Amino acid sequence: MLRIQTNSGSWLEGEIVGFRGNTALAMPFAPTAGVGPGARVELDRAAGLRPSLGWLGRVVDARGKPKDVGTKGPLPLGAVRQPTRVAAPEAIERRRIGSRISTGVRVVDAFCPVCRGQRMGIFASSGVGKTTLMSMLARWGEADVNVIGLIGERGKEVPEFIEDVLGEEGLKRSVVVYSTSDQPPLMRREAAYTAMAVAEFFRDQGLHVMMMMDTITRFAMAQREIGLAAGEPPTTKGYVPSCFTEISRLLERAGPGEARKGQGDITALFTVLVEGDNHDEPVADHVRGTLDGHMVLERSIGERGRFPSVNVMRSVSRAMPGCHSPEEQGIVKASRHLLSTYEEMRELAAIGAYKRGADQIVDLALDIAPRIESILGQRADDPTEPAETFARIDALLRAPQQ
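Residues numbered from 1 in each chain as written. Predicted model: local features only at pLDDT ≥ 70, side-chain atom pairs only at ≥ 80, totals over all residues. Heavy atoms only, no water.

Peer 1: Describe the overall build of the chain, listing the residues and the values that go with them.
Peer 2: In terms of regular secondary structure, the chain is built from twelve helices and 13 strands. Here the C-alpha radius of gyration of the chain, 23 Å, is about what a compact globule of 402 residues would show, namely 21 Å. Along the first, second and third principal axes, the C-alpha atoms of the chain reach 85 × 45 × 40 Å. The buried share of the chain, taken over its 402 residues, is 54%. Here the chain contributes 50 positively and 51 negatively charged side chains, and the mean placements of these two sets differ by 3 Å. (Helix = DSSP H or I, 4+ residues; strand = E, 2+ residues; numbered from the N terminus. Rg over C-alpha atoms; globule rule 2.2 N^0.38 Å. Buried < 20%, exposed > 50% of the residue type's maximum accessible area, 1.4 Å probe, protein only. Lys, Arg positive; Asp, Glu negative; His and termini not counted. Charge placed at Lys NZ, Arg CZ, Asp CG, Glu CD.)

Here it is as structure tokens:
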């Protein structure tokens, strides 16, 4: 990190991002107005965050500076400075992923469960409800602290998310870190590092942290801009090699903590903005292979009026089947079979190409699957315990036998 003095005498923060011969290449965290040849440059030896428990309920920018001073006053600073870029905990020292946590979201708890210390991806194109799903998980999820990173968001969406989506109750146990789309790529990338560092601070206090980052795609785009400016060769879709390395480094920092150090866990949810509903584009493919599961949100499901629009058949939690009881696992298996059969035969039945009575399983799927879908639909103010979700689905599965 470094500081550059402008012609007005103020200082501009920046970072060395590469070298060209004997010349260091620097990028700024803000517009370069007032910077010219001969400007004084100093290393910023005071760089780093100083998070504290007093950060709960606060909103900060990518550099850890408070953005709600007008309503909440100065930001309480901790005694220890914490760097934003550190190595992930040693793999052999980490705890295993813990038991299932209740999220209050029926489709998640039943078909794509989240366990303590698990890292999940939420894959969606724009406008299919990933922000609303994040807000439900933030308000209802079993965690001591929420850390929410909004990376490269549109400016108007930041206050909307804080005030309308997260709400006063959700904000009380949360820390929000944001950068907007008009800020330099260094700020957009730094917002992700800062959010992760804040989550690590609370983890080190022995707390269970729910980490949410929206979106990894914009983090990757920022790293692409930085890498290209530093002279890296572009690869697939213009992404530079360091882009995928930095994604892996960031994602690996989340997860279970080290038991011998008394650390808590970071349960992480990373959204991935897929371009044109292409779930095989480079960033999505890399993130899916790194995380411990993924939820796929589909526009066609939302257009049918079912929210959250999670595609049960394309979503998977790698903590299964261990996080469900044998009875719950049986309910999920039977439900998936009926939902899969229904998707295969729905259009044929709609045009009259299938006649009831030809196949007992298909008949059952046509009767039961739409009712399971109605259970999975949920308002943003209607949390449900996992036990109730499984009981309602089980009652549907048993009804034809009674």
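Peer 1: Before we move on, could you go through the environment of alanine 353 and cite the residues and values that matter?
Peer 2: The topology assignment puts alanine 353 in the loop between helix H10 (326-350) and helix H11 (360-376). C-alpha of alanine 353 to C-alpha of threonine 290: the two residues are 63 residues apart in sequence and 42 Å apart in space.

Peer 1: Explain the pattern of salt bridges to me, using residue names and the numbers behind them.
Peer 2: Summed over all chains, the structure comprises 32 salt bridges. Across the salt bridge formed by arginine 189 and glutamate 15, the nearest N and O atoms sit 2.9 Å from each other. In this pair, arginine 189 is assigned in helix H5 (residues 185-204) and glutamate 15 in strand E2 (residues 11-20), connecting sequence segments 174 residues apart. Its relative accessible area of 6% is what places arginine 189 among the buried residues. Here arginine 85 and glutamate 190 are joined by a salt bridge, their closest N and O atoms 2.8 Å apart. Of this pair, arginine 85 sits in the loop between helix H1 (69-72) and helix H2 (106-111) while glutamate 190 sits in helix H5, and the two are 105 residues apart along the sequence. Overlapping salt bridges bring together Glu13, Glu15, Arg63, Lys65, Arg85, Arg189 and Glu190 as one network. (Salt bridge = Lys/Arg side-chain N within 4 Å of Asp/Glu carboxyl O.)

Peer 1: Outline the packing of H10 against helix H12 (residues 386-398), listing residues and values.
Peer 2: Each pair of packed helices gets described by two things: the angle between the helix axes and the distance between those axes. Two elements in contact, H10 and H12, have axes separated by 10 Å at closest approach and are oriented at 55°. One way to sum up the angle between H10 and H12 is to call them oblique. Here H10 runs over H12; the crossing is left-handed. Contacts between H10 and H12 involve Glu328, Ile331, Val332, Ala334, Ser335 and Leu338 from the first element and Phe390, Ile393, Asp394 and Leu397 from the second. Of the residues in the contact of H10 with H12, the class split is seven nonpolar, one polar and two charged. (Axes fitted to C-alpha atoms, helices over the stretch in contact; angles between N-to-C directions. Parallel < 35°, antiparallel > 145°, perpendicular 65-115°, else oblique. Left-handed = near helix turned anticlockwise from the far one by under 90°. Contact = heavy atoms within 4.5 Å. Nonpolar A, V, L, I, M, F, W, Y, C, P; charged D, E, K, R; others polar.)

Peer 1: Go over H11, please, and point to the residues and values.
Peer 2: Over its 17 residues, H11 runs 24 Å from end to end, which matches the ideal 24 Å to within 8%, given 1.5 Å per residue. In the structure, H11 departs most strongly from a straight axis at leucine 366, where the bend amounts to approximately 30° and where the proline proline 370 lies between one and four residues downstream. Val362, Asp363, Ala365, Leu366, Ile368, Ala369, Ile372, Glu373, Ile375 and Leu376 are the residues of H11 that are buried. Those residues of H11 hidden inside the fold are in contact with H2, H10 and H12. (Expected span 1.5 Å × (residues − 1). Bend = angle between axes of the 7 residues up to and from the residue.)

Peer 1: Kindly report on the packing of aromatic side chains, identifying the contributing residues and their values.
Peer 2: Taken as a whole and assessed by the stated rule, the structure comprises three aromatic pairs. In this structure, arginine 224 packs its charged tip against the face of tyrosine 239, placed 4.3 Å from the ring centre. Residue placement shows arginine 288 over the ring face of phenylalanine 123; its charged tip is 5.6 Å from the ring centre. (Phe/Tyr/Trp six-rings, centres within 6.5 Å; stacked < 30°, edge-to-face > 60°. Lys NZ or Arg CZ within 6 Å of the ring centre and 35° of its normal.)

Peer 1: Please provide a residue-by-residue account of the pairing of strand E8 (residues 174-180), values included.
Peer 2: Of all seven residues in E8, seven are buried; the element is thus mostly enclosed. Side-chain alternation along E8 places Ser174, Val176, Tyr178 and Thr180 on one buried face and Val175, Val177 and Ser179 on a second face that is also buried. Of the strand pairs in this sheet, strand E5 (residues 58-61) and E8 are connected by four bridges, and their pairing is parallel. The residue bridging aspartate 61 from the neighbouring strand is tyrosine 178, located in E8. Where strand E7 (residues 145-153) meets E8, six bridges bridge the pair, whose relative direction is parallel. Of the residues in E8, the one forming a bridge with asparagine 146 is serine 174. For the segment spanning E7, helix H4 (residues 157-172) and E8, crossover handedness is right-handed. (Pairing = 2+ DSSP bridges. Right-handed = clockwise from strand over helix to strand, strands pointing away.)

Peer 1: Provide a residue-level description of the packing of helix H3 (residues 130-140) against H4, including the pertinent values.
Peer 2: Running from N to C, H3 and H4 point in directions that differ by 10°, and their axes come no closer than 10 Å. If you check the angle between H3 and H4, you find them roughly parallel. Residue-level contacts link Thr131, Ser135, Ala138 and Arg139 of H3 to Phe161, Val165, Leu166 and Gly170 of H4. Split into classes, the residues belonging to the contact of H3 with H4 amount to four nonpolar, three polar and one charged.

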